[in-house]
Structure formats: structure tokens, C-alpha cells
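Here is how the chains run, residue by residue.
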Amino acid sequence: MNQKSIYAIAVSEKQAVQIEESLTKAGFSNDEISALIPGNDSIHEFPQDSHRNGHDGVTVGAGNGGVLGEALDLISVNVETAEQVQKAKEVLETANAEDLAIT
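In this text, all values refer to a predicted model and were calculated from it rather than measured experimentally. (Residues numbered from 1 in each chain as written. Predicted model: local features only at pLDDT ≥ 70, side-chain atom pairs only at ≥ 80, totals over all residues. Heavy atoms only, no water.)

**A short note on the overall build of the protein chain**
Our working definition: Think of it this way: any DSSP run of H or I at least four residues long counts as a helix, any run of E at least two long counts as a strand, and we number them from the N terminus. Under the scheme applied here, a residue whose accessible area is under 20% of the maximum for its type counts as buried, over 50% as exposed, and between as partly exposed, the area being computed with a 1.4 Å probe on protein chains only. Using the Shrake-Rupley algorithm and a 1.4 Å probe, accessible areas are obtained, with residue cover drawn only from the displayed protein chains.
When you go through the protein chain residue by residue, the secondary structure sums to 2 helices and 6 strands. Looking at the protein chain as a whole, 36% of its 103 residues are labelled buried. Accessible surface computed for the protein chain: about 5800 Å², of which carbon and sulfur atoms make up 45%.

Here you go:
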């Protein structure tokens with residue numbers, strides 16, 4: 001299977017962080033997870049010593065609300081196998097992420 005991305009919407013930054021934590025616990029590496037969070041002017045990594053404690057390497061950012069609106073965060077998970085697709089979908093659905101899409 002070629003590399004694909006699964007996208008989902010989190011309704012808050014808190015939910016986005018919880019999803020990131022769940023994806024990490026499910027075995028996804030920080031290089032496979034990214035989040036676009038409104039209010040940040042660029043894409044950058046979660047600082048290791050931030051309130052996201054220990055989640056260094058996970059990419060976040062977006063331009064002041066971007067196209068998503070100020071209350072929505074876009075989560076992306078890069079997957080390569082059917083098993084990873086299923087695992088990521090399960091995590092996102094369990095976390096009540098919205099509008100799942102696979103590209």
C-alpha cells in the first residue's frame with residue numbers, strides 16, 4: 001500500500017492533544033502525526049516542556065484560523081498499511097473526531 005493520510009477535525013485544541021496522545025499510545029510515531037491549530041502563524045513542533053508534556057516532534061500550526069475557522073483543528077495521520085488505516089480510524093472515531101477523510 002502506498003502512503004496515505006487520514007484527516008479529521010478536532011473541535012478544540014484540547015481534543016487535538018488528546019487525539020495525538022491516543023495515536024502515540026496506539027503506536028504512531030510523532031513523524032506520522034500532525035495538527036494544524038488556528039492561532040499559530042506557522043507549522044512547528046509541540047515543545048517538549050509545554051503543557052503537552054513529552055510530545056516533542058508532533059507538528060502543529062496554521063495561519064490565524066486558516067480555512068478551518070477559529071474553533072477547529074485539523075489532525076493528520078500518515079499511514080502505510082491497511083492495519084495502520086484501521087488503527088488510526090479507530091482512534092479518531094473513539095475520540096469523536098469529525099469528518100474523517102483518507103487521501
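**Focus on the environment of alanine 26**
Filter applied, for reference: Pairs of residues are marked as contacts when any of their non-hydrogen atoms sit within 4.5 Å.
Counting through the fold element by element, alanine 26 comes out in the loop between helix H1 (13–25) and strand S2 (33–36). When the C-alpha positions of alanine 26 and alanine 88 are compared, they lie 8.1 Å apart, and in sequence the two are 62 residues distant. Residues within four places of alanine 26 in sequence aside, it is in contact with Lys87 and Val91.

**What about the pairing of strand S5 (residues 73–79)?**
The side chains of a regular strand alternate between both faces of the sheet. Heads up, the condition is: Strands qualify as paired when DSSP identifies two bridges or more between them.
Across the 7 residues that make up S5, a large majority, 6, are buried. Examined bridge by bridge, strand S1 (residues 4–10) and S5 share 7 bridges and lie antiparallel to one another. Note on S5: the bridge partner recorded for alanine 8 is isoleucine 75. Pairing analysis gives 4 bridges linking S2 to S5, with the strands arranged antiparallel. Each residue of the ladder has a partner; that of alanine 35, found in S5, is isoleucine 75.

**Digging into the packing of H1 against helix H2 (residues 82–94)**
Counted only if it meets this: Axes here mean lines fitted to C-alpha atoms, for a helix over just the part in contact, with angles spanning 0 to 180 degrees between N-to-C directions. Two helices crossing with the near one rotated counterclockwise from the far one by less than a right angle form a left-handed crossing, whereas a clockwise rotation gives a right-handed crossing. Think of it as three bins: nonpolar holds Ala, Val, Leu, Ile, Met, Phe, Trp, Tyr, Cys and Pro, charged holds Asp, Glu, Lys and Arg, and polar takes everything else, Gly as well.
One way to put it is that H1 packs onto H2 with a least axis distance of 10 Å and a crossing angle of 145 degrees. You can see that H1 and H2 cross each other, and the crossing is right-handed. Only Ala88, Val91 and Leu92 of H2 make contact with H1, whose side of the interface consists of Ile19, Ser22 and Leu23. Taken together, the residues of the contact of H1 with H2 sort by class into 5 nonpolar, 1 polar and no charged.

**Structural notes on H2**
Definition in use: Any helix carries an expected span of 1.5 Å times its number of residues minus one. The arc under discussion is defined with respect to the helix axis, by the directions toward the C-beta atoms.
Taking 1.5 Å of rise per residue, the 13 residues of H2 would be expected to cover 18 Å, and the 18 Å separating its terminal C-alpha atoms lies within 8% of that figure. All buried positions along H2 are accounted for by Val85, Ala88, Val91 and Leu92. Buried positions in H2, seen along its axis, are confined to an arc of 135 degrees and lie on one side of it. Exposed side of H2, more than 90 degrees from the buried face: Ala82, Glu83 and Thr94 are the residues found there. Next to the buried residues of H2 lie S1, H1, S5 and strand S6 (98–102). Directly beyond the C-terminal end of H2, a positive phi value near 60 degrees is found at asparagine 96.

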